[in-house]
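Here is what each chain is made of, one letter per residue.
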Amino acid sequence: MALSAVLDENIRYIEECLPIRESFDFMTRHLYLGETPAFFLGLNGFCKTEVLQQIFSDLQDASYTRDAGVEDIVRYMDGKLGYAQASLSDSWEDIVRSLLSGPAVLLIDGFDRAILIDARTYPARGIAEPDLERVTKGARDGFVETLLFNANLIRRRVRSRGLVFSMHSVGEESKTDVAIAYIRNTENKELLDKLEERIDALQVTSLTMGAKSLEELLVHRHWWNPLPGIRMTERPDVACSYLMEGHILILVDNSPLVLVLPCTIFQFTQSPEDYYKSPAVGTYFRLVRFLCIPVSLLLLPAYLLVTAYMPELAGRWGLLTESGMTRERLFFYILAVEFLLDLFKYSSALSSGKFSGSLSIVGGLIIGDIAVSLNWASADVLFYAAVTLLASMSMADTEFSDAIRLYRILLIAGTGFFGIWGFVSSLGLVVLSAATTPTFGGFSYFWPLFPFNKKALGRLLFRSPTPKAQPSKIWNRGKVHK
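In every chain, residue numbers begin from 1 and rise along the written sequence. The predicted origin of the model limits local features to residues at a pLDDT of at least 70 and limits the giving and counting of side-chain atom pairs to 80 or more, whereas totals for whole chains, interfaces and linings rest on all residues. Working from all heavy atoms in the structure, the side-chain values ignore hydrogens and water.

1. Description of the sheet that holds strand β10 (residues 258-261)
Item 1. Taken in spatial order, the five strands line up as β6-β7-β9-β10-β8 in an open sheet, and their pairing is antiparallel. Every other strand in the sheet has two partners, leaving β6 (163-170) and β8 (231-233) as the edge strands with one partner each. With strand direction ignored, the average angle separating the axes of adjacent strands in the sheet is 25 degrees.
Item 2. Pairs of strands are assigned from DSSP output, requiring at least two bridges between the strands. Helical segments are the DSSP runs of H or I of at least four residues, strand segments are the runs of E of at least two, and each set is numbered from the N terminus. Direction of pairing for strand β9 (residues 248-252) relative to β10: antiparallel, over a ladder of four bridges. In the strand pairing of β10, Leu251 is matched with Val258.
Item 3. Any two residues whose heavy atoms approach within 4.5 Å at even a single point are treated as in contact. As a rule, the C-alpha atoms of each element are fitted with a line to give its axis, helices using only the stretch in contact, and angles between N-to-C directions run from 0 to 180 degrees. With respect to the sheet, helix α6 (residues 189-200) is in contact with β6, β7 (176-183), β9 and β10, its orientation differing from that of β7 by roughly 175 degrees.

In structure tokens form, the structure reads like this:
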């Protein structure tokens, strides 16, 4: 719908369209620009008060206003509004969307176009290091909930003339800003076209949980695919490293998470800590992290299998300190300890840092000792469960670690109920679930292992020195699947 040249008609439409008399945060003012009536509308808290005060003080100053009235809105905007970015619009849809995003609106009588004054500011927290992606050395900044700040953090590191932030809007009600970041001539053009087409075609009310909601809309996973299908990070240095390798980033307003496309399973085994250490030390810890995946997945199920169904072998290896323990009792012990460790981990993650020491004492001393005394667990099971927990916590990505936990519970249940055949069958289901994990664009989840790329796999397994690690070319991962 287009604007009217009559100011009163435009004001009536605004009052019908927006709850400006009911909602306290709408700012309205009837003004006179010389002898020409005007109407100002903005959102309190989204506009820089000092800038607006200066603008309207000058616009209504008789010594500043040369003409008695406004005769040419384009010339008036170019000549009078010098403190902020300004543009013209004749569409109510565009005006309302801009208003609710922060820019203020100035309607002038006699013109069927409105002036949009972009003097916005957003409430934002300070830039700090992400809690879940900490490093001992290196940058201490992290993405925040303001999209513009996140784009600035990327632009500060990548000053390429080909860096592009393509803006889109998602959500019929929320109108959430979503920016696609890429470097021209390095991105997968086919993947970029498909991504923009998919985002523009999304029919949703809002992105309730920000980047996580968008991730689930872009990659449709079944309940048997717990592994993450898109890599997410809160670190600007990690995001920029992927960007320089030809990946595409997705920034969502109100979310500190940045999505990285395309995705492979090996991305969840990497950590920025590897690159802030020497190549030899970084390679060592990367290989340790790779080893922690099978340890976290298989240690408890394999312990249950050997001790419950192969007692002679368990006795020969000294895996059990208690004699005469039945299969059912051992199975119950492992399930109980698995539940207690999950409870302890999530209680620690969600509680205040002031109580972390108390939780460690309660979980490590009181619960552990009493569980053994009450025959709710054994010291052997607690030891293997603790090793499993340490292996899980060493993984760089928590969502990937949680998926491994679900796989481990499946293996424990299959082994406890059906023995060795249950273990083998459950392990086959785990492999099948991981192999069928969907990714955006249909790329292989196990690239560069399948399809095999020796050089790319070497870069993933071993931390290369900086001169050799420069992205001289973009890896070819095949065609995008529709």
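2. Here we look at a nonpolar patch on the surface
Item 1. Where nonpolar side chains cluster on the molecular surface, the patch consists of Val281, Tyr284 and Phe285 and spans about 290 Å² of accessible area.
Item 2. In this fold, Phe285 is placed in helix α9 (residues 279-309). Patch membership is restricted to residues that have no salt bridge and whose relative accessible area is over 30%. Joining uses 9 Å for like charges and 5 Å for the nonpolar side chains Val, Leu, Ile, Met, Phe, Trp and Tyr. Using a 1.4 Å probe, accessible areas were evaluated by the Shrake-Rupley method; residue-level cover was limited to the displayed protein chains. By salt bridge we mean one thing: a side-chain nitrogen of Lys or Arg within 4 Å of a carboxyl oxygen of Asp or Glu.

3. A closer look at the side chain of Arg463
Item 1. With respect to the helices and strands, the residue Arg463 is situated in the segment after α15 (454-461).
Item 2. Each residue's exposure class comes from its accessible area (1.4 Å probe, protein chains only) as a fraction of the maximum for that residue type: buried when under 20%, exposed when over 50%, partly exposed otherwise. When charges are counted, Lys and Arg are positive and Asp and Glu negative, with His and the chain ends excluded. Nearest to the buried, unbridged Arg463 among oppositely charged side chains is Asp274, at 7.5 Å.
Item 3. By the criterion applied in these results, polar contacts are pairs of N or O atoms within 3.5 Å in which, for protein atoms, one can donate a hydrogen and the other can accept it, and in which residues neighboring in sequence qualify only through two side-chain atoms. There is a polar contact of 3.3 Å between the side chain of Arg463 and the backbone oxygen of Tyr275.
Item 4. A polar atom in the side chain of Arg463 sits 2.8 Å from the backbone oxygen of Lys277.

4. What to know about empty space enclosed by the protein
Item 1. A 1.4 Å probe that fits but cannot get out identifies a cavity on a 1 Å grid over protein atoms alone, an open set with protein on both sides within 12 Å along at least five of seven lines counts as a pocket, and a residue lines either if it has an atom within 4 Å of a point. Grid points are joined across faces, edges and corners, and a volume is the space filled by probe spheres set on the points. In the structure shown here, the tally under the stated rule is two cavities of 30 Å³ or more.
Item 2. Put simply, the largest cavity is a space of about 70 Å³.
Item 3. Contributing to the lining of the largest cavity are Leu300, Glu338, Leu341, Asp342, Lys345, Ala385, Thr388, Leu389, Ser392, Arg405 and Arg408.
Item 4. If you list the elements that add at least two residues to the lining of the largest cavity, you get α11 (327-350), α13 (379-393) and α14 (398-435).
Item 5. Grouping the amino acids of the lining of the largest cavity by side-chain chemistry returns four nonpolar, two polar and five charged.
Item 6. Within this model, the second largest cavity holds a volume of roughly 40 Å³.
Item 7. Taken together, Ile14, Leu18, Leu41, Trp92, Ile95, Val96, Leu99 and Val105 form the lining of the second largest cavity. For this classification, the nonpolar set comprises Ala, Val, Leu, Ile, Met, Phe, Trp, Tyr, Cys and Pro, the charged set comprises Asp, Glu, Lys and Arg, and every other residue, Gly included, is treated as polar.

5. Describing the environment of Val281
Item 1. If you trace the backbone, Val281 turns up in helix α9.
Item 2. Taking the C-alpha atoms as reference points, Val281 and Arg463, 182 residues apart in sequence, are found 8.7 Å from one another.

6. Describing the packing of aromatic side chains
Each aromatic ring pair is characterised by the separation of its centres together with the angle its planes make.
Item 1. Here a pair means two rings of Phe, Tyr or Trp (six-membered ring of Trp) with centres within 6.5 Å. Their orientation is stacked below 30 degrees between planes, edge-to-face above 60, and tilted elsewhere. What the rule picks out here adds up to 11 aromatic pairs.
Item 2. Taken together, a centroid distance of 5.8 Å and an interplanar angle of 0 degrees make the contact between Phe268 and Phe400 stacked. You can see Phe268 sitting in the loop between β10 and α9 and its partner Phe400 sitting in helix α14, a full 132 residues away along the chain.
Item 3. Given the relative accessible area of 1%, Phe268 is considered buried.
Item 4. Taking the centre distance of 5.3 Å and the plane angle of 75 degrees together, the rings of Phe331 and Phe417 count as edge-to-face. Here Phe331, found in helix α11, pairs with Phe417, found in helix α14; they are 86 residues apart in sequence, far enough to count as distant.

7. Some thoughts on the pairing of strand β2 (residues 36-43)
Item 1. Within β2, seven of the eight residues are buried, leaving the element largely enclosed by the surrounding structure.
Item 2. Counting the residues between successive antiparallel strands, the hairpin from strand β1 (residues 26-33) to β2 contains two residues, one of them, Gly34, with a positive phi of roughly 70 degrees.
Item 3. The sheet contact formed by β2 and strand β4 (residues 104-108) spans four bridges and is antiparallel. Directly across from Leu41, in β4, lies its bridge partner Val105.

8. Here we look at the confidence of the model for the protein chain
Item 1. By definition, pLDDT measures how confident the predictor is in each residue, and it falls between 0 and 100. Counting all residues, the mean pLDDT for the protein chain is 83, and 88% of those residues have values of 70 or more.
Item 2. Here helix α12 (residues 356-373) stands out as the element of the protein chain with the lowest mean pLDDT, 57, in contrast to β9, whose mean of 95 is the highest.

9. A closer look at the sheet that holds β2
Item 1. Strand order across the open sheet formed by five strands is β1-β2-β4-β5-β3, with antiparallel pairing between neighbours. Two strands close off the open sheet at either side, each with one partner strand: β1 and β3 (85-89). Within the sheet, the average angular offset between the axes of one strand and its neighbour, ignoring direction, is 20 degrees.
Item 2. Here three bridges tie β4 to strand β5 (residues 114-118), and the two strands are oriented antiparallel to one another. Considered in β5, the bridge of Ala104 is made with Ile117.
Item 3. Running over the sheet, helix α1 (residues 7-17) touches β1, β2 and β4 and is turned about 20 degrees from β2.
Item 4. Contacting β1, β3, β4 and β5, helix α3 (residues 73-80) crosses the sheet at an angle of about 170 degrees to β3.

10. Focus: α15
Item 1. Of the residues making up α15, those classed as buried are Ala456, Leu457 and Leu460. On an axial view of α15, the arc spanned by its buried residues comes to 100 degrees, and they lie on one face.
Item 2. On the buried face of α15, the contacting elements are α9.
Item 3. The backbone nitrogen of Lys455 lies 3.4 Å from a side-chain oxygen of the residue at the head of α15, namely Asn453. The arc in question is the one traced by the directions running from the helix axis out to the C-beta atoms.

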